[in-house]
Amino acid sequence: MRDVAKSYAEVRVTGGDSSLHIQTPRGLLIVELPAGVSLVEGSCREAPERGDEIHFRMRLNVDQHTDDTGALGSVMERLQVRESYSFHCQSCGTRVLEERVFKRVLPLPNCNWSSLVDDWCCHPDPFANLKLLPRAEDCLLGDTHLLVPLDRGCEETLTQELSPITNKMAEGQNQDTPKPNRRRTLVSCKSCTAGLGEAVAPGTLKLYITEVTVRPSVGDSQFDTSPDRSLFLEQTIAARLVELSSSQSVFRFSIQASDGKAFILLWLLNSDSLIASFSATPSSTVRGDAVTSPGHHQCSEHQSPTEAGSAVKVLYLPCSPSASTHQDVVDTWEKDIGVHPLELPLTTCQELLSVLTASTSCLPPSLHSMNSYQVAYMRL
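Here goes a summary of the coordinates provided. Bear in mind the structure is a predicted one, so any value in this text is a computation, not a measurement. (Residues numbered from 1 in each chain as written. Predicted model: local features only at pLDDT ≥ 70, side-chain atom pairs only at ≥ 80, totals over all residues. Heavy atoms only, no water.)

Observations concerning the overall build of the protein
Within the protein, the regular secondary structure consists of six helices and 24 strands. Here the protein, with 380 residues, has 41% of them falling under the buried criterion. In the protein, the proportion of contacts linking residues at least 24 apart, taken out of those at least 6 apart, comes to 65%. Accessible surface, the protein as shown: approximately 21000 Å² in total, 50% of it carbon and sulfur. (Helix = DSSP H or I, 4+ residues; strand = E, 2+ residues; numbered from the N terminus. Buried < 20%, exposed > 50% of the residue type's maximum accessible area, 1.4 Å probe, protein only. Contact = heavy atoms within 4.5 Å. Areas by Shrake-Rupley, 256 points an atom, 1.4 Å probe, with all protein chains shown as cover.)

Now the structure itself:
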C-alpha cells in the first residue's frame, strides 16, 4: 500500500450508493458492494498501521437475508425419509447408487461414544466389538460420512479393493511391538477410480460426504458436476462445522485421516462473515496497486464483485511433522476432550489444507496469523 499512499492523510474512504469510494494520490477507485450491503456513513475509521499496510475499519448495513446466498447446508440436513435419492460420484458425476428411499434416517452417536460406555454401565461393556450398522432401507449419519446398505446395483458402479494401512503403535509400547495391521476395503467409483469411502462390513457402505453428492432422483444417470472441486469441499466442510457447533456446542475440531492421526486443527471463530471477491483487471486490482493504471496517471477505476456470500472464519494449524512448528499446541489439543475429531480421507485432508492455505494467502500479510494459528475464511 505504501506505493499508493504514504500515510492515512493521503487516503479518503467514503460511501456511495452501495459502493466504496477510495481516493488516493493516484486516483479514485470505486468498489461496488454486494447487493443489500451499504456503508454506514461516517463509520470509517483509521486502524493502527501494520508494517507497510494501511488499514481502515468501517460498519456495514446488511439487509435481512442478504447473507442467504443459497447455501443449503450439508447433506446431513437435507436427507428425509420416504424421499427418493440418488448418490453420485462428486468427481465425475456418475450415479453410483440408484434411487434409494429410506424408511429411517438416523444420526450416529458422537464419535467418542464407545469411550463413555464405562460411565453409563455398571457391568461389562455390552457394545464391545459391536458396530452400529444400518438395516435395509436405513441411512445412518456420521459427522462426515453416511452408512447405507449395499445392493446388487453397486457391482456395476463401484469397485472394492483391499488396502493395507500403516501400523499404529500401541500406546506405551516400543517400536518393536506394533499393533496388528488391519486392512480396509476401499470403495471407489468404477468410472473414474475416485475414492468414495469403504465397506465397513459385509453389505454396508461408508461414503464420505466430501466424495459423493446426494440429490433427489430425477431419472437421469448423469448431472452437471461441481465446476470447482475446491469450492465443493470448502462449502461442505464449512457447513458441517456450523451444524456441529450449533447442535453440539463444539468449536474446535481435529481433522483426521483414517489412521486417527490429526492432520489439521481447526478453530471455528464465527459463522456470520460476508466476503466478496473481485476479479483483477490489467489496469487495476484490489490489492496494493488497486488504483494504479498504465502510466500512473490520475484516473477513476471501477470494481464490481464477481461473487459474494456467507463464510465462516477459522483458525487452523497443520499437524504434519514437516508443517507444524507448534507441537506443544498439537499435543494439548489431542489430550483435550473438548476437541471434536472429524475423519476424512487422507487426500481430502491434503485438499482441505490447500484450500485453507489459499484463503490465507488472499488476506493482507498482517492478517495471515493469530498467535500460533493461521487465519482463513471458508465459504458456505
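Details of the packing of helix α4 (residues 229-248) against helix α6 (residues 346-361)
For any two helices packed against each other, one specifies the crossing angle of their axes together with the interaxial distance. Orientation of α4 relative to α6, taken along the N-to-C sense of each, is 95 degrees, at an axis distance of 10 Å. Taken together, the axes of α4 and α6 lie roughly perpendicular to each other. Residues Arg-229, Ser-230, Leu-233, Glu-234 and Ile-237 of α4 lie in contact with α6, whose contacting residues are Thr-348, Glu-351, Leu-352 and Val-355. The residue inventory of the contact of α4 with α6, partitioned by class, reads four nonpolar, two polar and three charged. (Axes fitted to C-alpha atoms, helices over the stretch in contact; angles between N-to-C directions. Parallel < 35°, antiparallel > 145°, perpendicular 65-115°, else oblique. Nonpolar A, V, L, I, M, F, W, Y, C, P; charged D, E, K, R; others polar.)

Some remarks on the pairing of strand β12 (residues 145-149)
Of all five residues in β12, five are buried; the element is thus mostly enclosed. Burial of the side chains of β12 extends over both faces: His-145, Leu-147 and Pro-149 are buried on one face and Leu-146 and Val-148 on the other. In the sheet, strand β11 (residues 138-141) pairs with β12 via two bridges, with the strands oriented antiparallel. Its bridge partner lying in β12, Leu-140 is registered against Leu-147. Hairpin connection of β11 to β12: three residues between the antiparallel strands. Sheet topology places β12 next to strand β16 (residues 204-208); five bridges connect them, and they run antiparallel. Residue Val-148 lies in a different strand from β16, and its bridge partner there is Leu-205. (Pairing = 2+ DSSP bridges.)

Let's talk about the sheet that holds strand β9 (residues 95-101)
Two pairing modes exist for strands in a sheet, parallel and antiparallel, and in both the strands are linked by backbone hydrogen bonds. Taken in spatial order, the three strands line up as β9-β8-β17 in an open sheet, and their pairing is antiparallel. Taken across any chain shown, the strands that pair with only one partner, and hence form the sheet edges, are β9 and β17 (212-216). Mean inter-strand twist for the sheet, computed between neighbouring axes without regard to direction, equals 20 degrees. Bridge analysis of strand β8 (residues 84-89) against β9 gives four bridges, and the strand direction is antiparallel. The partner of His-88 across the bridge, within β9, is Arg-95.

Let's talk about the nonpolar core
If you look at the biggest cluster of nonpolar residues, it comprises 26 residues, and the most contacted ones within it are Leu-79, Phe-87, Leu-97 and Leu-146. Ranked by residues supplied to this core, first place goes to β8 with three residues. Excluding residues within four positions of it along the chain, Leu-79 makes contact with Tyr-85, Val-105, Cys-139, Leu-141, Leu-146 and Val-214. With 23 residues, the next largest nonpolar core counts Leu-241, Phe-263, Leu-266 and Val-314 among its residues. (Core = buried A, V, L, I, M, F, W, Y, C linked by side-chain atoms within 4.5 Å.)

Overview of the packing of aromatic side chains
In this structure the tally under the stated criterion is four aromatic pairs. Judged by centre distance (6.3 Å) and plane angle (90 degrees), the rings of Phe-87 and Phe-102 are edge-to-face. Of this pair, Phe-87 sits in strand β8 while Phe-102 sits in the loop between β9 and β10 (104-107); the two residues are 15 residues apart in sequence, bridging distant segments of the chain. Accessibility expressed as a relative area gives 0% for Phe-87, which makes it buried. Phe-102 sits in the buried class, given a relative accessible area of 1%. Judged by centre distance (5.9 Å) and plane angle (70 degrees), the ring pair of Trp-267 and Trp-333 falls under edge-to-face. In this pair, Trp-267 is assigned in strand β19 (residues 262-278) and Trp-333 in helix α5 (residues 327-335), connecting sequence segments 66 residues apart. We classify Trp-267 as partly exposed; its relative accessible area is 31%. (Phe/Tyr/Trp six-rings, centres within 6.5 Å; stacked < 30°, edge-to-face > 60°.)

Things to note about the pattern of salt bridges
The tally for this structure, following the rule as stated, stands at eleven salt bridges. Put simply, Arg-184 and Glu-198 hold a salt bridge, and the shortest N to O gap is 3.2 Å. One end of the pair, Arg-184, is in strand β14 (residues 183-189); the other, Glu-198, is in strand β15 (residues 195-201), and 14 residues separate them in sequence. Accessibility classification places Arg-184 together with Glu-198 in one group, the buried group. (Salt bridge = Lys/Arg side-chain N within 4 Å of Asp/Glu carboxyl O.)

A closer look at α4
Here α4 is 20 residues long and its end C-alpha atoms lie 28 Å apart, about the 28 Å a rise of 1.5 Å per residue gives. Those residues of α4 that fall on the buried side of the exposure criterion are Phe-232, Leu-233, Glu-234, Thr-236, Ile-237, Ala-238, Ala-239, Arg-240, Leu-241, Glu-243, Leu-244 and Ser-245. (Expected span 1.5 Å × (residues − 1).)

Remarks on the environment of Leu-233
Mapped onto the elements, Leu-233 comes out in helix α4. Along the backbone, Leu-233 and Leu-352 are 119 residues apart, and their C-alpha atoms lie at a distance of 7.1 Å. Excluding residues within four positions of it along the chain, Leu-233 makes contact with Thr-210, Thr-348, Glu-351 and Leu-352.

Digging into the pairing of β15
A regular strand places its side chains on the two faces of the sheet in alternate fashion. Burial runs high along β15: six of the seven residues are buried. Note: β14 against β15, four bridges, orientation antiparallel. The residue of β15 that forms the bridge with Thr-185 is Ala-199. Between β14 and β15, which pair antiparallel one after the other, the connecting turn spans five residues, and Thr-193 there sits at a positive phi close to 65 degrees. The sheet contact formed by β15 and β16 spans four bridges and is antiparallel. Bridge pairing in β16 links Gly-197 to Leu-207. Hairpin connection, β15 to β16: the antiparallel pair is bridged by two residues, and Gly-203 has positive phi, about 85 degrees.

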